[in-house]
Every structure is written in C-alpha cells, then in structure tokens.
Amino acid sequence: MSTDGQHLQRLHFLSVLRVIATVTVVFGHASSFYGGFGFTQWPSFPYIQNIAVIVFFCLSGYTIAWVCHQRTPGTGAGAFGRFAFDRFMRLAIPLIPLLLICALAEPWLLGGKLPHPESFTV
C-alpha cells in the first residue's frame, strides 16, 4: 500500500519529466529556427521537439486528470469548470504581462526585421 507521500513523490517525478519535455520542445524549436545542433533535427534524427511534445502531452494529461480528481471538490461539469477557471487564472496572470513585454521588446530587439523573412513569403 502506498502513502500520500509516495503519491506526491511520484507526482513530483512526473512534473520534473514535464519540465524536461518542455525545455526539450523549446530547445528543438530554437535549434530548428536559428540553426545549430543539427543532430537533433531531421534527417539525422526525428525532430526532437515532436518526440518531446508527445511525452509532454501524455504526462500533462495524466497529471492534470490526477490533480483535477484530487483537488477539485464535487463531481461532474461543475468540478471541471472550477478546475478550468483556476487553471486559466494561473496561466493568464503571468501570460498577459509577458505578452505585453514581448510586444514592446520585439521592435527594439529585432530592429523591425524578421529573423527569416524568406520563410514568410507566399
């Protein structure tokens, strides 16, 4: 039989795996966009970010379902609605200021030029 400490330890382990998968996705996108680390990209290797996205979604689905089941009182759509609202607020509070900072910093950092303008031509 397992105790609550063991459950939390397992959940922390899954959270660490989610963080590793997230960092791998960011790294894979950056390496394919800016070049470098070609061994992590096609044809040398399947796109590392694609593999990490699959791992991230599987782990996220499991941990979100567990958290929703453990921490949200009640059952049915009401419990899921409370969980969804709480999750949205946790994401929106840092997201909105970050988007504003990025919108203000982009012209300054890129000087009004796109990094790869040829990729945006039709």
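Residues numbered from 1 in each chain as written. Predicted model: local features only at pLDDT ≥ 70, side-chain atom pairs only at ≥ 80, totals over all residues. Heavy atoms only, no water.

(A) Layout of the overall build of the protein chain. For the protein chain, the count of helices and strands is 3 helices and 0 strands. From first element to last, N terminus to C terminus, the protein chain shows the α and β order α-α-α. Buried positions account for 16% of the 122 residues belonging to the protein chain. A separation of at least 24 residues holds for 45% of the contacts in the protein chain among residues at least 6 apart in sequence. With the model as given, the accessible surface of the protein chain reaches about 9,600 Å², and the carbon-plus-sulfur share is 73%. (Helix = DSSP H or I, 4+ residues; strand = E, 2+ residues; numbered from the N terminus. Buried < 20%, exposed > 50% of the residue type's maximum accessible area, 1.4 Å probe, protein only. Contact = heavy atoms within 4.5 Å. Areas by Shrake-Rupley, 256 points an atom, 1.4 Å probe, with all protein chains shown as cover.)

(B) Spotlight on the environment of A52. Structurally, A52 is set in helix α2 (residues 48–71). Each C-alpha atom of the pair A52 and G28 lies 8.9 Å from the other, and the pair is 24 residues apart in sequence. Apart from residues no more than four positions distant in its own chain, A52 is found in contact with A21, T24 and V25.

(C) Up close: the side chain of T24. Residue placement: T24 occurs in helix α1 (residues 4–34). A polar atom in the side chain of T24 sits 2.7 Å from the backbone oxygen of I20. Residues in contact with T24, not counting those within four places in the same chain, are I48, Q49 and A52. (Polar contact = N/O pair within 3.5 Å; in protein donor to acceptor, adjacent residues only side chain to side chain.)

(D) Spotlight on a nonpolar patch on the surface. A contiguous nonpolar patch, built from F13, V16, L17 and I20 and spanning about 360 Å² of accessible area, is present on the exposed surface. With respect to the secondary-structure elements, F13 resides in helix α1. For F13, a relative accessible area of 52% corresponds to the exposed category. (Patch = residues over 30% accessible without salt bridge, like charges linked within 9 Å, V, L, I, M, F, W, Y side chains within 5 Å. Salt bridge = Lys/Arg side-chain N within 4 Å of Asp/Glu carboxyl O.)

(E) Structural detail: the confidence of the model for the protein chain. When pLDDT is averaged along the protein chain, the result is 76; 70% of the residues meet or exceed 70. Of all the helices and strands in the protein chain, α1 carries the lowest mean pLDDT, 77, while helix α3 (residues 76–110) carries the highest, 82. (pLDDT = per-residue confidence, 0-100.)

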